[in-house]
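A structural walkthrough
Here is how the chains run, residue by residue.
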Amino acid sequence: MNKIKYKDFIFEKYILNKDITNRSKLIAQDINNEYDGESIIFVGLLKGCLPFMSSILESLDCKYTSCFITVSSYKGFKSGKINFESDLTKKDVYNRNIIIVDDIIDTGKSIKYVKDYLEKLKPKKIKIASLLVKDRSLKLSDWFGFKISDEFVIGYGMDLDDKFRDLEDIYIRKA
Ligand code: IMP
Ligand code: MG
């Protein structure tokens with residue numbers, strides 16, 4: 001399937017699953033080297049983080065635990081008010097290595113919100129891994145899979161109207 005039609009929109013295949021898993025392995029190796037022997041708490045941003053996070057964890061050799069924060073800001077193609085739910089406490093995070101994992105950083109609003117929230121719980125170090133970044137958000141991530149052009153994408157965890165998260169490749173909006 002190279003094209004997807006949904007309502008009046010057209011999406012075209014953009015990033016292949018095998019390229020995503022190759023990038024995830026390289027990111028995992030980099031994390032292995034940096035945190036050699038130390039444990040990490042992965043904080044995934046639901047729901048989009050799931051495929052990317054499991055792909056990284058599969059190739060990880062460090063000791064880790066994972067937890068999740070639910071954060072959303074998108075309605076259709078537009079970024080709006082942030083909805084946020086977390087039950088993480090200072091006890092979970094204090095003096096620990098945190099890596100936040102997200103599917104895509106666009107405006108950076110959501111990731112900044114989550115990072116500010118976690119900083120208040122006094123971790124040892126916070127880093128960010130995102131599957132996709134855009135030019136304007138490049139500086140926000142410590143590891144990213146791919147820099148993409150400024151268009152809406154779906155698949156590999158990313159949705160439009162809570163659909164298409166299950167696509168194994170990433171598709172980009174063309175019309
Ligand atoms: P930001 O706050 O603008 O950086 O966007 C944050 C979140 O909105 C991302 O983590 C995604 O979950 C979602 N999002 C942003 N852009 C897209 C996109 O192109 N497709 C699907 N979801 C997106
Ligand atoms: Mg997200």
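Calculation notes
- Residues numbered from 1 in each chain as written.
- Chains lettered and ligands numbered in written order.
- Predicted model: local features only at pLDDT ≥ 70, side-chain atom pairs only at ≥ 80, totals over all residues.
- Heavy atoms only, no water.
- Helix = DSSP H or I, 4+ residues; strand = E, 2+ residues; numbered from the N terminus.
- Rg over C-alpha atoms; globule rule 2.2 N^0.38 Å.
- Buried < 20%, exposed > 50% of the residue type's maximum accessible area, 1.4 Å probe, protein only.
- Contact = heavy atoms within 4.5 Å.
- Polar contact = N/O pair within 3.5 Å; in protein donor to acceptor, adjacent residues only side chain to side chain.
- Near = heavy atom within 4 Å.
- Areas by Shrake-Rupley, 256 points an atom, 1.4 Å probe, with all protein chains shown as cover.
- Nonpolar A, V, L, I, M, F, W, Y, C, P; charged D, E, K, R; others polar.
- Pairing = 2+ DSSP bridges.
- Core = buried A, V, L, I, M, F, W, Y, C linked by side-chain atoms within 4.5 Å.
- Axes fitted to C-alpha atoms, helices over the stretch in contact; angles between N-to-C directions.

For the rest of this paragraph, the subject is the overall build of the protein. The number of helices and strands found in the protein is 4 helices and 10 strands. Going from N to C terminus, the protein has its helices and strands arranged as β-β-α-β-α-β-β-α-β-α-β-β-β-β. What you see for the protein is a C-alpha radius of gyration of 16 Å, in line with the 16 Å of a compact globule of 175 residues. Along the longest, intermediate and shortest principal axes, the C-alpha atoms of the protein span 50 × 35 × 25 Å.

With respect to the secondary-structure elements, Arg173 resides in strand 10 (residues 170-173). A residue is classified by how much of its surface remains accessible, and Arg173, at 23% relative accessible area, is partly exposed. A C-alpha to C-alpha distance of 14 Å links Arg173 and Lys163, two positions 10 residues apart in sequence. Those residues within four positions of Arg173 in sequence are excluded, and the remaining contacts are Phe9, Ile10, Phe11, Phe77, Glu151 and Phe152. Here the side chain of Arg173 touches Ala175 through a polar contact of 3.1 Å, landing on its backbone oxygen.

Close to ligand 1 lie 16 residues, the nearest being Asp102, Thr107, Gly108, Ser110 and Val153. A distance of 2.8 Å is found between an oxygen atom of ligand 1 and a side-chain nitrogen or oxygen belonging to Asp102. A distance of 2.9 Å separates an oxygen atom of ligand 1 from a polar side-chain atom of Asp103. Expressed as a share of its isolated accessible area of 490 Å², the protein-covered part of ligand 1 is 92%. Elements with a contribution of two residues or more to the shell around ligand 1: strand 4 (63-75), strand 6 (97-105) and helix 4 (109-119). With 4 residues, the top contributor of residues to the shell around ligand 1 is strand 6. Looking at the shell around ligand 1 residue by residue, the class counts come to 6 nonpolar, 4 polar and 6 charged.

What holds strands together in a sheet is hydrogen bonding between their backbones, with the strands either parallel or antiparallel. With respect to topology, 4 strands assemble into an open sheet ordered 1-2-10-9, the strand pairing being antiparallel. Each edge of the sheet is formed by a strand with only one pairing partner; in this case those strands are strand 1 (3-6) and strand 9 (153-154). Looking at chain direction, strand 2 (residues 9-15) and strand 10 are connected through 4 bridges and run antiparallel. Looking across to strand 10, one finds that Glu12 is bridged to Ile172.

Ranked by internal contacts, the top residues of the largest apolar core, which has 28 residues, are Ile31, Phe42, Ile56, Ile99, Leu131, Leu132 and Ile170. Mapped onto this core, the elements with two or more residues apiece are helix 1 (17-34), strand 3 (39-46), helix 2 (50-58), strand 6, strand 7 (125-134), strand 8 (143-148) and strand 10. Counting residues in each nonpolar core, the second largest holds 19 residues, with Val43, Ile111, Leu121 and Val133 among its members.

Moving on, we come to the sheet that holds strand 3. A sheet is described by the order of its strands in space; here 6 strands give the open sequence 5-4-3-6-7-8, paired in mixed fashion. The open sheet terminates on both sides in strands that have one partner only, identified here as strand 5 (78-85) and strand 8. The sheet shows a mean angle of 25 degrees between the axes of neighbouring strands, taken without regard to direction. With 8 bridges joining them, strand 6 and strand 7 adopt parallel strand pairing. Looking at the pairing, Asp102 lines up with Ser130 of strand 7. Its contacts with the sheet place helix 1 against strand 3, strand 6, strand 7 and strand 8, and it is angled at close to 145 degrees to strand 8. Relative to strand 5, helix 4 is tilted by about 25 degrees, and along the sheet it contacts strand 3, strand 4, strand 5, strand 6 and strand 7.

Remember, this is a structural readout, not a statement about activity or role.
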